[in-house]
Amino acid sequence: MPARGPELSEACHPVGAAEAEETAERLYGVRGSATRFETEKDDTFLLDCADRGKFVLKIAHPSERIDELDFQVALMRHLEQQAPDLPIPRAIRDLAGAELPIVTTRAGERRVVRLITFLPGTPLDRTSSTAPQRERIGEILAKLRHAMADFSHPADGRAVAWDVTHLLDLADLLRFIPSGGKRASTLRALERFAEIKPSLDMCRRQVLHNDFNMSNLVVDHASPQFLTGVIDFGDAVRTAIAVDVSTALMNQMPKTFDHGDRRDLFDEPRDVLRGYLRYAELTDEELRLIPFLSMGRLAVRALLTCWRAEIFPENSRYIMRNTEAGWTHLEWFHSISTAQISDLLNR
């Protein structure tokens, strides 16, 4: 199965807010005002239903496979049963009891629809966090891991492009990265990743969230829990435990980085790891590999975003919103030795 599906490269006809409102009322009996969210591949709306509260309406890309969407809904149902205290959205069935109703849009496309609860708060990428708050993020990541440990689904082994396990399968996208230093830096990341890939293949695996980026973490500074929502299970997959942790850590790296003023990129990520290790263990080998996997995730982001920004220039601002910082991060990784990278989380 290819690591990148057609939903990442094929355009579809966007659904407008008025059509989204009509779809929600017809399928779910909820009437509200729809506001579009920026997204990677589907049409997603905040549905404000006044006294009935807020919901999120997701209209999948027509190329998304229904078995993979069923996997995501089944995983959310599993978490609701196994760990009801975890701050994740709840999936809502339509009026006929269907989990994944299918509609034909005004543009004539068959699209799968989902309605989920809205989790209030501020996306972490729009605010700041303290060390104890970052530790809380790590704690929730660990608890999610435990809650997913016994979950399986026929589609959980799907190939997800954002799963760093498949980084080497993206090498053909190097041509979309600007020539010169950026392309050379990305190529070097692929070469270093190839050296540890055999060890990664031996690591423990299970179903995991796989996308603890800061736009998927909803927070409330006034709440003792701080992290009030973990959203978007679109990249969930059966992958290495070390990959899930490395993704969370990479996304805590600073957007601005001065080599002269900072000790290393893992100053903030170590707070997340500290919280994680309170509830879930990692082997010495996983701790050794995680920094390489964080570097690999930076390369995945560079490859996928530069490729997709060329295909969808009208959405390039959203697609490339985190890419620029990654070049400096890769430069830092390439400034230290393999042995130093291996030891980054043992401090």
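These figures come from a predicted structure and were not determined experimentally.

Participant: Whenever I open this one, the overall build of the protein confuses me. Can you help?
Facilitator: Helix and strand counts for the protein stand at 10 helices and 11 strands. Across its three principal directions, the C-alpha atoms of the protein cover 60 × 45 × 40 Å. Put simply, the protein has 347 residues, and 57% of those count as buried. Considering only contacts within the protein whose residues lie at least 6 apart along the sequence, 75% involve residues at least 24 apart. About 14,600 Å² of surface is accessible on the protein, with carbon and sulfur atoms providing 50% of the total. Charged side chains of the protein number 44 positive and 52 negative; the gap between the two group centres comes to 1 Å.

Participant: Sorry if this is basic, but what is going on with the packing of aromatic side chains here?
Facilitator: Applying the stated rule across the entire model yields four aromatic pairs. Here Phe-266 and Trp-332 contribute two aromatic rings whose centre-to-centre distance is 6.5 Å and whose plane-to-plane angle is 50°, an arrangement assigned as tilted. With Phe-266 in the loop between α5 (241-250) and α6 (269-279) and Trp-332 in helix α9 (residues 323-334), this residue pair connects regions lying 66 residues apart in the sequence. For Phe-266, a relative accessible area of 0% translates into the label buried. Overall, Trp-332 belongs to the buried group, its relative accessible area being 7%. With 5.2 Å between their ring centres and 70° between their planes, Trp-332 and Phe-333 make a pair best called edge-to-face. Comparing Trp-332 with Phe-333 shows no difference in burial state: the two are buried. Members of the aromatic cluster, each reached through a chain of ring pairs, are Phe-266, Trp-332 and Phe-333. Across from the ring centre of Tyr-279, 4.6 Å away, lies the NZ or CZ of Lys-143, which sits over that ring. When the ring centre of Tyr-318 is taken as reference, the NZ or CZ atom of Arg-321 above it lies at 4.0 Å.

Rules behind the numbers
Residues numbered from 1 in each chain as written. Predicted model: local features only at pLDDT ≥ 70, side-chain atom pairs only at ≥ 80, totals over all residues. Heavy atoms only, no water. Helix = DSSP H or I, 4+ residues; strand = E, 2+ residues; numbered from the N terminus. Buried < 20%, exposed > 50% of the residue type's maximum accessible area, 1.4 Å probe, protein only. Contact = heavy atoms within 4.5 Å. Areas by Shrake-Rupley, 256 points an atom, 1.4 Å probe, with all protein chains shown as cover. Lys, Arg positive; Asp, Glu negative; His and termini not counted. Charge placed at Lys NZ, Arg CZ, Asp CG, Glu CD. Phe/Tyr/Trp six-rings, centres within 6.5 Å; stacked < 30°, edge-to-face > 60°. Lys NZ or Arg CZ within 6 Å of the ring centre and 35° of its normal.

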